[in-house]
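Listed below, chain by chain, are the residues.
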Amino acid sequence: MKKITLWLVIGISLVLLLIIAAFLFLVLVKPKYGKGDVEKPVYNSDPGEFVLQAGHVNYLLNEIGAYQLHTQPMSSENPLIELRSDDSAFFSEIEKGKIITRDEKTYEPDIIISTTKQEVINALESSNVKEYMKNSVSSGNTGIELVSSYSELFFKGYLQIYKDLTGKSFTGSVIRIFAN
């Protein structure tokens, strides 16, 4: 009886060790894409005449680090971001470090970033777009809505961007999900 109990404990320990090793592998071994060379777009700084275009969205997302996002392990679904600004909406897909933006909705995004044209203009004029966007989020001028599940966001690499822009982390929620 003691041998069966000992082997059972060893077996369960090995399975748990394998699960922990697989989790750490999936989290730590992720693709590292370099920051793309996205040119700063030309724009009119008058909010009445400013027309938000895909190039503006690509530049902003590149500057906040969206190029680092990647597919979820064992999935082919690319990270998807919706950016809403006043009466415009753009949908960006990140594929192997490259940001592809469209103005028609063809999928459900992982996150939605809502802001105003004036905030976009101010971010474009800023010398540090990421810092400006962080201040815009903290002041309430820009909002970030998490649409996908925490685990999906975690495995696609949104954690660092979310933390950089909000100062908050959703890791605790991900750990609680896996603990259940």
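I will try to describe carefully the structure that is included in this document.

Procedures and definitions
Residues numbered from 1 in each chain as written. Predicted model: local features only at pLDDT ≥ 70, side-chain atom pairs only at ≥ 80, totals over all residues. Heavy atoms only, no water. Salt bridge = Lys/Arg side-chain N within 4 Å of Asp/Glu carboxyl O. Buried < 20%, exposed > 50% of the residue type's maximum accessible area, 1.4 Å probe, protein only. Helix = DSSP H or I, 4+ residues; strand = E, 2+ residues; numbered from the N terminus. Core = buried A, V, L, I, M, F, W, Y, C linked by side-chain atoms within 4.5 Å. Contact = heavy atoms within 4.5 Å. Axes fitted to C-alpha atoms, helices over the stretch in contact; angles between N-to-C directions. Left-handed = near helix turned anticlockwise from the far one by under 90°. Pairing = 2+ DSSP bridges.

Focus on the pattern of salt bridges
Under the definition given, this model contains nine salt bridges. For Lys105, the salt bridge is made with Glu108, and the minimal N-O distance between the two is 3.4 Å. Take Lys105: its relative accessible area is 45%, and that puts it in the partly exposed class. Where Asp110 meets Lys156, a salt bridge forms, and the shortest distance between an N and an O atom there is 3.1 Å. Here Lys156 lies in helix 5 (residues 150-156) and Asp110 lies in the loop between strand 3 (98-102) and strand 4 (111-115), a separation of 46 residues in the sequence. Judged by its relative accessible area of 1%, Asp110 falls in the buried class. Ionic contacts of the salt-bridge type, sharing partners, join the residues Glu77, Asp110, Glu152 and Lys156 into one network.

Topic: the nonpolar core
Leu52, Leu61, Ile64, Ala66, Leu69, Ile81 and Ile113 are the most contacted members of the largest nonpolar core, which has 27 residues in total. At the level of elements, helix 2 (54-64), strand 1 (80-85), strand 2 (88-95), strand 4, helix 3 (117-125), helix 4 (129-139) and helix 6 (158-166) are the ones that each hand at least two residues to this core. The element best represented in this core is helix 2, accounting for five residues. Setting aside its immediate chain neighbours within four residues, Leu69 contacts Tyr33, Pro79, Ile81, Ile94, Lys156, Gly157, Tyr158 and Ile161.

Quick look at the packing of helix 3 against helix 4
Running from N to C, helix 3 and helix 4 cross one another at 150 degrees; their axes reach a closest spacing of 8 Å. By crossing handedness, the relation of helix 3 to helix 4 is classed as right-handed. Facing helix 3, whose interface residues are Glu119, Asn122 and Ala123, helix 4 presents Val129, Tyr132, Met133 and Ser136.

Brief notes about the pairing of strand 3
Here strand 3 shows a clear split, with Ile99 and Thr101 buried on one side and none of Lys98, Ile100 and Arg102 buried on the other. The pairing of strand 2 with strand 3 spans five bridges and is antiparallel. Bridging from a neighbouring strand, Ser92 pairs with Thr101 of strand 3. Counted along the chain from strand 2 to the antiparallel partner strand 3, the turn is two residues long, and its residue Lys96 has a positive phi close to 50 degrees.

Observations concerning the side chain of Asn62
As for its placement among the helices and strands, Asn62 is situated in helix 2. Taking relative accessible area as the criterion, Asn62 reaches 2% and is therefore assigned buried. Beyond its immediate stretch of four places on either side in the chain, Asn62 contacts Lys35, Gly36, Val38, Tyr67 and Ile99.

Honestly, it's all geometry; don't read function into it.
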